[in-house]
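Listed here are the chains, written in short residue letters.
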Amino acid sequence: MASAVDSTRKLGLIAGNGRFPFLLLDAARAEGCVVVVAAIKEETEPEIDARAAADSGITVHWLSLGELSKLIETFQRAGVTRAVMAGQVKHKQIFSSIRPDWRLAKLLLNLRTRNTDVLLGAVAKVLGDEGIELISSTAFLEPLLAKEGVLTSRAPDEDERKNIDYGLTVATGLAGFDIGQTVVIAAQACVAVEAMEGTDAAIERAGNLMRTLDTGGEPEASTLHPSDEDLSLGTPTLERRLTVVKLPKPKQDMRFDVPVIGLRTLETMIRAGASCLAIEAERTLLFDGSALVRRADEAGIAIVAVPRRY
């Protein structure tokens, strides 16, 4: 596979949480790259140290999320001129007790907004100014990008297709504001939208909301469950199955915040009572793709990758 990275050079890896950094690390090493990992204390899995101990081509340096100057110095000392971000860094961390160093504090002070694109784009510019080019996070993982079409043995049914169509409209608008990537739909009504909490938490919230319809909690059941009077007029109970739609932004910067779906999200869907997942082809990474599809088939969940829109 042709790579955006010269395999004779060192590659810097800014590692967030989850499996993404490990998959990228394995792929980069398979192409012969020496990898210098900047592991974020608040996010990166400790297992990264074990990987480095077993492979002389990997070195790990731990730093806090607020230490932008240390990140730059670490890469410069190691001779890194190209780097990649892989793994989630929770957006809510900007409100945590983490103390930014002078460089990050200056960057944050000058931002007009603090959404993902603006924040990470500013970090990428600082790195570039210091001679470290930030490249696409899919540079080594293109085979994991979803292919267009129905990925599971079951295709979405008519109701799910209607949910997908409506969800695409809502998710496109949401993504344009760089608020979140995921919306959860039932009966062509928006049940939940993703913000700082992340995809899985948004799906869990949607599942909890739907369960309140049976327990008498808020919101009022009449929103998605007709009253007895309505039923007496022949109005059917609205379909409560959830459809999850996750999309990249219209002008997605593939260097960071690329949509990712893995087994954890699928298990969250199962617990929430979701029956369908729609993602965008070519711009969504599927981790453990074969296992993901098998588990979806076992649970009766339909997964479809819709055509790329931009």
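Our structure is the block above this text.
Here is what the cut-offs are and how they apply
Residues numbered from 1 in each chain as written. Predicted model: local features only at pLDDT ≥ 70, side-chain atom pairs only at ≥ 80, totals over all residues. Heavy atoms only, no water. Pairing = 2+ DSSP bridges. Helix = DSSP H or I, 4+ residues; strand = E, 2+ residues; numbered from the N terminus. Buried < 20%, exposed > 50% of the residue type's maximum accessible area, 1.4 Å probe, protein only. Salt bridge = Lys/Arg side-chain N within 4 Å of Asp/Glu carboxyl O. Expected span 1.5 Å × (residues − 1). Contact = heavy atoms within 4.5 Å. Polar contact = N/O pair within 3.5 Å; in protein donor to acceptor, adjacent residues only side chain to side chain. Axes fitted to C-alpha atoms, helices over the stretch in contact; angles between N-to-C directions. Core = buried A, V, L, I, M, F, W, Y, C linked by side-chain atoms within 4.5 Å.

Caption draft 1: Region of the structure containing the sheet that holds strand β4 (residues 82-86). Read across the sheet, five strands follow the order β3-β2-β1-β4-β5 without closing on themselves; strand pairing throughout is parallel. The open sheet terminates on both sides in strands that have one partner only, identified here as β3 (58-63) and β5 (133-134). The sheet contact formed by strand β2 (residues 34-40) and β3 spans six bridges and is parallel. Of the residues in β3, the one forming a bridge with Val37 is Val60.

Caption draft 2: Molecular detail of the environment of Ala189. Take Ala189: it is sitting in strand β8 (residues 189-193). Note on Ala189: relative accessible area 25%, which makes it partly exposed. With 26 residues separating them in the primary sequence, Ala189 and Asn163 have C-alpha atoms 7.9 Å apart.

Caption draft 3: Here's a closer look at the pattern of salt bridges. By the definition in use, this model includes 19 salt bridges. Notably, a salt bridge pairs Asp26 with Arg51, separated by 2.9 Å at the nearest N-O pair. Taken as a pair, Asp26 in helix α1 (residues 20-30) and Arg51 in helix α2 (residues 47-53) lie far apart in primary sequence, 25 residues in all. Accessibility expressed as a relative area gives 40% for Asp26, which makes it partly exposed. Measuring nitrogen to oxygen at the nearest pair gives 2.4 Å for the salt bridge that ties Arg205 to Glu197. A residue is classified by how much of its surface remains accessible, and Arg205, at 39% relative accessible area, is partly exposed. A relative accessible area of 34% means that Glu197 is categorised as partly exposed.

Caption draft 4: Unusual backbone geometry, seen in detail. A positive phi angle, close to 50°, is found at Ala187, a residue other than glycine. Residue placement: Ala187 occurs in the loop between β7 (182-186) and β8. By relative accessible area, which is 19% here, Ala187 ends up buried. Even without a glycine there, the phi angle at Glu282 is positive, about 75°. Among the residues examined, Glu282 registers a relative accessible area of 44% and is labelled partly exposed.

Caption draft 5: Just the pairing of strand β9 (residues 242-246), in detail. Burial analysis of β9 places five of its five residues in the buried class, which makes it a mostly covered element. The alternating pattern of β9 places Leu242, Val244 and Lys246 and Thr243 and Val245 on opposite faces, both of which are buried. Examined bridge by bridge, β9 and strand β11 (residues 274-280) share four bridges and lie parallel to one another. What sits directly across from Val245, in β11, is Ala278.

Caption draft 6: Up close: helix α6 (residues 158-176). Over its 19 residues, α6 extends 27 Å from the first C-alpha to the last, a length consistent with the 27 Å expected when each residue adds 1.5 Å. For α6, the set of buried residues is Glu160, Asn163, Ile164, Gly167, Leu168, Ala171, Leu174 and Ala175. Close packing links the buried residues of α6 with β7, β8, β9, β11 and β13 (302-306). The residue sitting at the N-terminus of α6 and contributing the capping side-chain oxygen is Asp157; that oxygen lies 3.2 Å from the backbone nitrogen of Asp159.

Caption draft 7: Quick peek at the sheet that holds β8. If you trace the six strands from one edge of the open sheet to the other, you get β6-β13-β11-β9-β7-β8, paired in mixed fashion. The open sheet has two edge strands, β6 (149-150) and β8, and neither has a second partner. This element, helix α9 (residues 263-272), spans β9 and β11 of the sheet and lies at about 145° to β11.

Caption draft 8: Representation of the nonpolar core. In this structure, Leu11, Leu13, Leu24, Val37 and Phe140 are the most contacted members of the largest nonpolar core, which totals 29 residues. Only β1 (10-15), α1, β2, α2, β3 and β4 provide two or more residues apiece to this core. If you tally residues by element for this core, the top one is α1, at seven residues. Those residues in contact with Val37 that lie beyond four places of it in its chain are Leu13, Ala15, Leu25, Ile48, Ile58, Thr59, Val60 and His61. By size, the runner-up hydrophobic cluster in this structure holds 27 residues, among which are Leu107, Leu111, Leu119 and Phe256.

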